[in-house]
Amino acid sequence: MIQYHVYPGGLKRIVTFSFDDGSQNDVRLISLFDKYSLKATFHLNGKNYIGKTADELKTVRGIYQNHEIACHTLSHGWPSRMPNASLVAEIMRDRQILEEIAGYPVTGMSYPSGSYSRNVISVMNACGIEYSRTVNATNDFDLPEDFLEWHPTCHFKRAMPLAERFLRDIDSQWTKPLFYIWGHSHELINEDDWNETEELLKLLANNDKIWYATNAEIFDYISAQKMLKISADEKVFYNPTATDVWVEKDKSEIIKIPAGTRVIAD
């Protein structure tokens, strides 16, 4: 029996964060993430960077360099209230601006104001968006069934009790794998807010059983894992992707299948 519930390095737990809108507070927040070697995705509105000089955009790139830049539409409207043409323009222009900053394809997003519909998802898919986060908290640790309707575990101001539960049950075979925390850095208003946030990061950091990843890293890994070609007797594995992947066999053996290779397991 092969199971996919294994992640880079053979780990079985994942922690990720995302923050929307972009604000001056992102700088201080990122310094905390870097201090604790955590990863986050920052969903930005492209309109805030129109007219910036090349040097100014380079500074923005430097701020987010250890994390992921992702879309939040150009102007932060309500996607479910837009005609398709407006939504396409909002997504594609946002992508273009953010890609100039990031220097890589920007294919992730979060829904402004949590606004989305089946039609919005269809349009986003046509625009090259691969995943998008909602604001609908699950209060659980599920991987998404549909990455274009990716529900987080909770808002960061409600995360501490769930973080304690996630860590308490980290070795349980019944624990689901992904703790996803979201929010806005502009919600950090006073020093008590900052201190509470740092306590959360400190609690979750430096755990050798957890893979700390951006949203895109999770999407890319899961996608690569599902592209594995496995023989009928589950002894031969071929990985056609550029990403190393791991699987678990018979609830006991962790198998690594490096990018572009075939592995034969006993």
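Source: prediction; values computed, not measured.

## Let's talk about the overall build of the protein chain
- Assigned secondary structure in the protein chain consists of 7 helices and 14 strands.
- For 266 residues, the compact-globule estimate of 2.2 N^0.38 gives 18 Å, and the C-alpha radius of gyration of the protein chain, at 19 Å, lies within 12% of that figure.
- Considered along the principal axes of its C-alpha atoms, the protein chain spans approximately 60 × 45 × 35 Å.
- Counting only residues that meet the buried cut, the protein chain has 49% of its 266 residues in that class.
- A sequence separation of at least 24 residues applies to 66% of the contacts in the protein chain between residues at least 6 apart.
- Charge-centre separation for the protein chain: the mean point of 28 positive side chains lies 2 Å from the mean point of 37 negative side chains.

## So, the nonpolar core
- Formed by 55 residues in total, the largest nonpolar core has its most connected members in Phe17, Tyr49, Phe179, Ile181 and Leu204.
- When residues of this core are assigned to their parent elements, the largest contribution, 6 residues, is made by helix 3 (residues 84-102).
- Ignoring any residue separated from it by four or fewer positions in sequence, one finds isoleucine 181 in contact with Thr16, Phe17, Ser18, Cys154, His155, Phe156, Ala159, Leu200 and Leu204.
- One finds Trp182, Trp211, Ala216 and Phe237 within the second-largest nonpolar core, a separate group that totals 29 residues.

## A short note on the pairing of strand 13 (residues 253-257)
- As judged from the 5 bridges shared by strand 12 (residues 245-249) and strand 13, these two strands associate in the antiparallel manner. From the neighbouring strand, tryptophan 246 faces strand 13, where its bridge partner is lysine 256.
- Counting the residues between successive antiparallel strands, the hairpin from strand 12 to strand 13 contains 3 residues, one of them, aspartate 250, with a positive phi of roughly 55 degrees.

How each quantity is defined
All residue numbers here refer to positions counted from 1 along the written sequence of the relevant chain. Selection of residues for local features in this predicted model requires a pLDDT of at least 70, selection of side-chain atom pairs for listing and counting requires 80 or more, and totals for whole chains, interfaces and linings are taken over all residues. Just so you know, side-chain values use all the structure's heavy atoms and leave hydrogens and water out. Secondary structure follows DSSP: runs of H or I at least 4 residues long count as helices, runs of E at least 2 residues long count as strands, and numbering of each begins at the N terminus. The reference for a compact globule is 2.2 Å times residues^0.38; the radius of gyration itself is calculated from the C-alpha atoms. Burial classification: accessible surface area is computed with a 1.4 Å probe over protein chains only, and a residue below 20% of its type maximum counts as buried, one above 50% as exposed, and the rest as partly exposed. Only heavy atoms matter for contacts: two residues are in contact if any of them lie within 4.5 Å across the pair. Charge convention: Lys and Arg are scored as positive, Asp and Glu as negative, and His as well as the terminal groups of each chain are ignored. To locate a charge, take NZ of a lysine, CZ of an arginine, CG of an aspartate or CD of a glutamate. Here, the term nonpolar core denotes a set of buried Ala, Val, Leu, Ile, Met, Phe, Trp, Tyr and Cys residues that are joined through side-chain atoms within 4.5 Å. Two strands are counted as paired when DSSP detects at least two bridges linking them.

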